[in-house]
Amino acid sequence: MEYLAYLGLVWVIKHGEILNLPRNFISRKIPLMGRLLKCTLCLGFWVGISAGGYSYYAGSSIYDSIVTIFSISAFCWIGDTLMDFFQIWNQKIKMTKKL
C-alpha cells in the first residue's frame, strides 16, 4: 500500500496543478532539474532514496533499503506508463464512438 502513496507523490510532483508555478520556475532556472521533474523514473528514484533512507534509519538492512529505492522507482515508472496507456486507449475509444 505504501507504494501507491509513493506513486501518488510522484504524480503530484510531476503532474499536480498546484505545483505548476514552482515546477515551471525551477525548469526555467535550472534546465537539468526541469528534465528530471518530467521523468517518472527519476522522480521515483529520488522518492525511493528518501524512503530507503528512512527505512535504513528505522532499522532495515542496507540491502533492504537499496531494494526499496529501486523497487519504488520501478513501481512509479510502471504505474505512470500504465496510466499513459489507459489515457491513450480512452481517447481512441472516444474517437471511435464519434465516428
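Criteria and cut-off values
Residues numbered from 1 in each chain as written. Predicted model: local features only at pLDDT ≥ 70, side-chain atom pairs only at ≥ 80, totals over all residues. Heavy atoms only, no water. Phe/Tyr/Trp six-rings, centres within 6.5 Å; stacked < 30°, edge-to-face > 60°. Helix = DSSP H or I, 4+ residues; strand = E, 2+ residues; numbered from the N terminus. Buried < 20%, exposed > 50% of the residue type's maximum accessible area, 1.4 Å probe, protein only. Expected span 1.5 Å × (residues − 1). Contact = heavy atoms within 4.5 Å. Axes fitted to C-alpha atoms, helices over the stretch in contact; angles between N-to-C directions. Left-handed = near helix turned anticlockwise from the far one by under 90°. Nonpolar A, V, L, I, M, F, W, Y, C, P; charged D, E, K, R; others polar.

Draft legend 1. The arrangement of the packing of aromatic side chains in detail. With the rule as written, the count across this model stands at six aromatic pairs. Centroid distance Tyr3 to Phe75: 5.6 Å. Interplanar angle 85°. Geometry classified as edge-to-face. Pair noted here: Tyr3 is in helix α1 (residues 2–15) and Phe75 is in helix α5 (residues 62–98), with a separation of 72 residues, a long-range link. By relative accessible area, which is 28% here, Tyr3 ends up partly exposed. We classify Phe75 as partly exposed; its relative accessible area is 31%. The rings of Tyr3, Tyr6 and Phe75 are connected pair by pair, giving a single aromatic cluster.

Draft legend 2. α1, seen in detail. In a regular helix each residue adds 1.5 Å, so 14 residues correspond to 20 Å; α1 covers 20 Å between its end C-alpha atoms and thus fits that length. Looking at the buried residues of α1, the elements they touch are α2 (20–29), α3 (31–37), α4 (40–57) and α5.

Draft legend 3. Structural view of the packing of α1 against α5. Running from amino to carboxyl end, α1 crosses α5 at an angle of 60°, the nearest separation of the two axes being 9 Å. Our pair here, α1 against α5, has a crossing hand that is right-handed. Contacts from Tyr3, Leu4, Tyr6, Leu7, Val10, Trp11, Lys14 and His15 in α1 reach Thr68, Ser71, Ile72, Phe75, Cys76, Gly79, Asp80 and Met83 in α5. Classifying every residue of the contact of α1 with α5 by side-chain character gives 10 nonpolar, four polar and two charged.

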